[in-house]
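As a plain string of letters, each chain reads:
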Amino acid sequence: MPIFHVIIPAAGAGSRMGSQVPKQYLPLSGRPMIEQTLRVFSSSNRISSVAVLLSADDLEWDAAKIQISDKTRIYRCGGIIRSQTVLNGLGELSGHIDPDDWVLVHDAARPGLTDGLLNRLLDKLENDAVGGLLAIPLADTLKRADDEQRVAHTEPRDHLWQAQTPQMFRYGMLVEALKLAAEKSSVATDEAQAIEALGHHPKLVLGELRNLKVTYPEDLALIEAILQADVSRLAVKTN
Ligand SMILES: Nc1ccn([C@@H]2O[C@H](COP(=O)(O)OP(=O)(O)OP(=O)(O)O)[C@@H](O)[C@H]2O)c(=O)n1
Ligand SMILES: C[C@](O)(CO)[C@H](O)COP(=O)(O)O
């Protein structure tokens, strides 16, 4: 029986959001964003453990009184960059996770993940030799900008996908990949990039637009509308 652990990198400053508090604590449907993100993992009986990775000087977590499940643990091990936070979190879990256990890394800033998308990823990859990630095929035409923010040229977009999270790899392989990236001082902007540097080819599993990463202020209204629509659909179902 495969074992799945979740790591939630939540040690970012949210600078592109420009908010007073880090974006993972901004209210969404009346609760902090990170609490919305945690819900899908807390309610899944397929997930064995959840590790939330905070910055050492995070003052918001305690103040926000985030509701967590019994299988959730907090680690104040945030790094300068996301990949370092994840590597630090993997280190905290050393000895508690078998090298062949699956680890799913999911951005605290992606509160739109559903149990359907989570189960799609687990079902597609639980027997995979490498692992993979949720992603969506690029739908827009891609432009390369010049220094004056004018179009330099159009990039070919065939076979281009936008990576989302969770990204799911076995503990041992992920530690090896992120340690190598750190040793080479190469910045892997997602776990898959570090895995690719080992010569592997992670599987792309179809995600959904709703699983967007909340990055800029305009993303908040979008994700709020998505979560409100979820509440309305649930209300109709239960009436
Ligand atoms: N040193 C870092 C940087 C980011 N993250 C986390 O990685 C996820 C995705 O990163 P991003 O959207 O870039 O978040 P921030 O780094 O906070 O945003 P910004 O780049 O705008 O500052 C977020 O949940 C963020 O909290 C992290 O744990 N540690
Ligand atoms: C991991 C990720 O969400 C996949 O698209 C993305 O790379 C995170 O980038 P960020 O700059 O750390 O938000």
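Residues numbered from 1 in each chain as written. Chains lettered and ligands numbered in written order. Predicted model: local features only at pLDDT ≥ 70, side-chain atom pairs only at ≥ 80, totals over all residues. Heavy atoms only, no water.

Looking at an unreviewed UniProt entry, one finds the protein named 2-C-methyl-D-erythritol 4-phosphate cytidylyltransferase, with Methyloradius palustris as its source organism. Quoted verbatim from the Function (unreviewed entry) heading of the UniProt record, the comment on the protein is "Catalyzes the formation of 4-diphosphocytidyl-2-C-methyl-D-erythritol from CTP and 2-C-methyl-D-erythritol 4-phosphate (MEP)." (UniProt positions renumbered as here; feature names shortened; annotations may be inferred.)

(A) Expanded view of the pairing of strand β7 (residues 131–137). Within β7, 6 of the 7 residues are buried, leaving the element largely enclosed by the surrounding structure. Sheet topology places β7 next to strand β10 (residues 161–170); 6 bridges connect them, and they run antiparallel. Bridge pairing links Gly 131 to Phe 169 in β10. Pairing of β7 with strand β11 (residues 203–206) involves 4 bridges; the strand directions are parallel. (Buried < 20%, exposed > 50% of the residue type's maximum accessible area, 1.4 Å probe, protein only. Helix = DSSP H or I, 4+ residues; strand = E, 2+ residues; numbered from the N terminus. Pairing = 2+ DSSP bridges.)

(B) Layout of the site of ligand 1. Ligand 1 sits among 19 residues. The nearest are Gly 14, Ser 15, Arg 16, Lys 23 and Thr 85. Residue Ala 108 places a main-chain N or O atom 3.2 Å away from an oxygen atom belonging to ligand 1. Here the residues of the shell around ligand 1 sort into 8 nonpolar, 6 polar and 5 charged. (Near = heavy atom within 4 Å. Polar contact = N/O pair within 3.5 Å; in protein donor to acceptor, adjacent residues only side chain to side chain. Nonpolar A, V, L, I, M, F, W, Y, C, P; charged D, E, K, R; others polar.)

(C) Layout of the site of ligand 2. Contacts to ligand 2 come from Arg 16, Arg 82, Asp 107, Arg 110, Ala 163, Thr 165, Thr 189, Asp 190 and Lys 213. For ligand 2, an oxygen atom lies 2.6 Å from a polar atom in the side chain of Asp 107. Arg 110 is positioned such that a nitrogen or oxygen atom in its side chain is 2.9 Å from an oxygen atom of ligand 2. Compared with its free state, where it exposes 360 Å², ligand 2 has 74% of that area covered by protein. (Areas by Shrake-Rupley, 256 points an atom, 1.4 Å probe, with all protein chains shown as cover.)

(D) A look at the nonpolar core. One finds Ile 34 and Phe 41 to be the most contacted residues of the largest nonpolar core, which totals 27 residues. Of all elements in the fold, only β1 (4–9), α1 (33–42), β4 (47–54), β6 (102–105) and α4 (115–125) reach the threshold of two or more residues within this core. Residue contributions to this core peak at 5 residues, all from α4. Sequence-distant contacts of Phe 41, defined by excluding residues within four places in its chain, comprise Val 6, Ile 8, Ile 47, Val 50, Lys 71, His 106, Leu 113, Leu 118 and Pro 166. Counting residues in hydrophobic clusters, the runner-up holds 26 residues, among them Ala 51, Tyr 75, Leu 87 and Ala 188. (Core = buried A, V, L, I, M, F, W, Y, C linked by side-chain atoms within 4.5 Å. Contact = heavy atoms within 4.5 Å.)

(E) Geometry of the UniProt feature "site: Positions MEP for the nucleophilic attack" (unreviewed entry) in the protein. The UniProt record marks Arg 157 and Lys 213 with the feature "site: Positions MEP for the nucleophilic attack" (unreviewed entry), using the residue numbering of this structure. Within the element layout of this structure, Arg 157 appears in the loop between β9 (151–155) and β10. Filtering out sequence-adjacent residues up to four positions away, Arg 157 remains in contact with Leu 138, Ala 139, Asp 140 and Thr 141. Side-chain polar atoms of Arg 157 contact the backbone oxygen of Asp 140, separated by 3.4 Å. When you line up the elements, Lys 213 lands in the loop between β11 and α7 (217–238). Taking the relative accessible area as the measure of exposure, Lys 213 reaches 27% and is therefore partly exposed. In this structure Lys 213 touches Arg 16, Asp 107, Ala 109, Arg 110 and Asp 219, once residues within four positions along its chain are discounted.

(F) Layout of the environment of Thr 154. Here Thr 154 is to be found in strand β9. Look at Thr 154 and you get partly exposed, because its relative accessible area is 41%. Sequence spacing of Thr 154 and Arg 46 is 108 residues, and the spatial spacing of their C-alpha atoms is 43 Å. If near-sequence neighbours (up to four positions away) are discounted, Thr 154 is found in contact with Thr 141, Leu 142 and Lys 143. Within polar-contact distance, the side chain of Thr 154 engages the side chain of Lys 143 at 2.8 Å.

(G) Molecular detail of the environment of Ile 223. Along the chain, the position of Ile 223 falls in helix α7. Linking Ile 223 and Met 173, residues 50 residues apart in sequence, is a C-alpha distance of 33 Å.

(H) Spatial organisation of the side chain of His 106. Take His 106: it is sitting in the loop between β6 and α4. Here His 106 falls in the buried class, since its relative accessible area comes to 0%. Within the structure, His 106 has its side chain in polar contact with the backbone oxygen of Arg 110 (distance 2.9 Å).

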